[in-house]
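# Report on the structure
Residues per chain are reported as follows:
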Amino acid sequence: MVRGDQLDTDTPQTPGMNRAAAITTARAGAEKLWAGTVVIHADAKTGAHHHGPVESVIYVVSGQARMRWGERLEFTAEAGPGDFIYVPPYVPHQEINASADDALSCVVVRSGQEPVVVNLDLPEVEPNPEQVHWVDDIHSEP
């Protein structure tokens, strides 16, 4: 068990967010998973980045997340408390706190122990990303 006041903040960081590790090989003996927290302050956004070959799942605990993704961050969608976000390997993305007043707090689980964070400098970021509804051919709206 790793308690909330025992999280490790000595992790690779991306501008605009604070990551803290909870479940790692060193701390809990995990071999294939990494889990931790992410806090994005009010009215803040991260830099564009990806996590190499690692899959990530983000669970929104509180706040309003606006995700941008794609080679030029050309897609966007929003998620709130209780929502899950899947980030495939190598996909450039940016987390944005859609609230000007409240922090965005999330739990992140990754499919590997390597702390891969590749911060990107995307010179041609799409200024008006396409709004994407999170429904695909397999899943339908309730």
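Structural data are supplied above this passage.
So, a few notes on the structure that sits alongside this text.

Definitions and cut-offs
- Residues numbered from 1 in each chain as written.
- Predicted model: local features only at pLDDT ≥ 70, side-chain atom pairs only at ≥ 80, totals over all residues.
- Heavy atoms only, no water.
- Helix = DSSP H or I, 4+ residues; strand = E, 2+ residues; numbered from the N terminus.
- Buried < 20%, exposed > 50% of the residue type's maximum accessible area, 1.4 Å probe, protein only.
- Contact = heavy atoms within 4.5 Å.
- Areas by Shrake-Rupley, 256 points an atom, 1.4 Å probe, with all protein chains shown as cover.
- Salt bridge = Lys/Arg side-chain N within 4 Å of Asp/Glu carboxyl O.
- Polar contact = N/O pair within 3.5 Å; in protein donor to acceptor, adjacent residues only side chain to side chain.
- Pairing = 2+ DSSP bridges.
- Axes fitted to C-alpha atoms, helices over the stretch in contact; angles between N-to-C directions.

### So, the overall build of the chain
Each helix and strand counted, the chain has 1 helix and 11 strands in total. Looking at the chain residue by residue over its 142 residues, the buried ones come to 35%. Across the chain, contacts joining residues at least 24 apart in sequence account for 69% of those joining residues at least 6 apart. As presented, the chain carries roughly 8,300 Å² of accessible surface, and 53% of it is formed by carbon and sulfur atoms.

### Thoughts on the pattern of salt bridges
Following the criterion strictly, the structure yields 1 salt bridge and no others. Of the charged contacts in the structure, one is a salt bridge between Arg66 and Glu78, with a shortest N-O distance of 2.7 Å. Of this pair, Arg66 sits in strand S5 (residues 65-69) while Glu78 sits in strand S6 (residues 75-79); the two residues are 12 residues apart in sequence, bridging distant segments of the chain. Overall, Arg66 belongs to the partly exposed group, its relative accessible area being 29%. Look at Glu78 and you get partly exposed, because its relative accessible area is 36%.

### Focus on the side chain of Thr24
Following the sequence through the fold, Thr24 ends up in the loop between strand S1 (18-23) and helix H1 (25-28). In this structure Thr24 comes out as buried when scored by relative accessible area, which is 10%.

### Some details on the side chain of His49
For His49, the position within the fold is in strand S3 (residues 49-50). At 2.9 Å, the side chain of His49 and the backbone oxygen of Gly47 are in polar contact. A distance of 3.5 Å separates polar atoms of two side chains, one belonging to His49 and the other to Glu95. Among residues more than four places away in sequence, those in contact with His49 are Thr14, Arg19, Val91, Pro92, His93, Glu95, Val117, Val118, Asn119 and Leu120.

### Section: the sheet that holds strand S2 (residues 34-40)
Taken in spatial order, the 5 strands of this open sheet run S1-S2-S9-S4-S7, and their pairing is antiparallel. Edge positions in the open sheet fall to S1 and strand S7 (84-87), since each of these has one partner strand only. Put simply, the sheet's adjacent strands are angled 25° from each other on average, direction ignored.

### Focus: the pairing of S5
Relative to S6, S5 runs antiparallel, the two being bridged by 5 bridges. Bridging from a neighbouring strand, Ala65 pairs with Ala79 of S6. As consecutive antiparallel partners, S5 and S6 are separated by 5 residues, and within that stretch Gly70 has a phi angle of approximately 115°, a positive value. Both S5 and strand S8 (residues 93-97) contribute to a ladder of 5 bridges, which runs antiparallel. Bridging from a neighbouring strand, Trp69 pairs with His93 of S8.

Function cannot be read off these values alone, since they describe shape.
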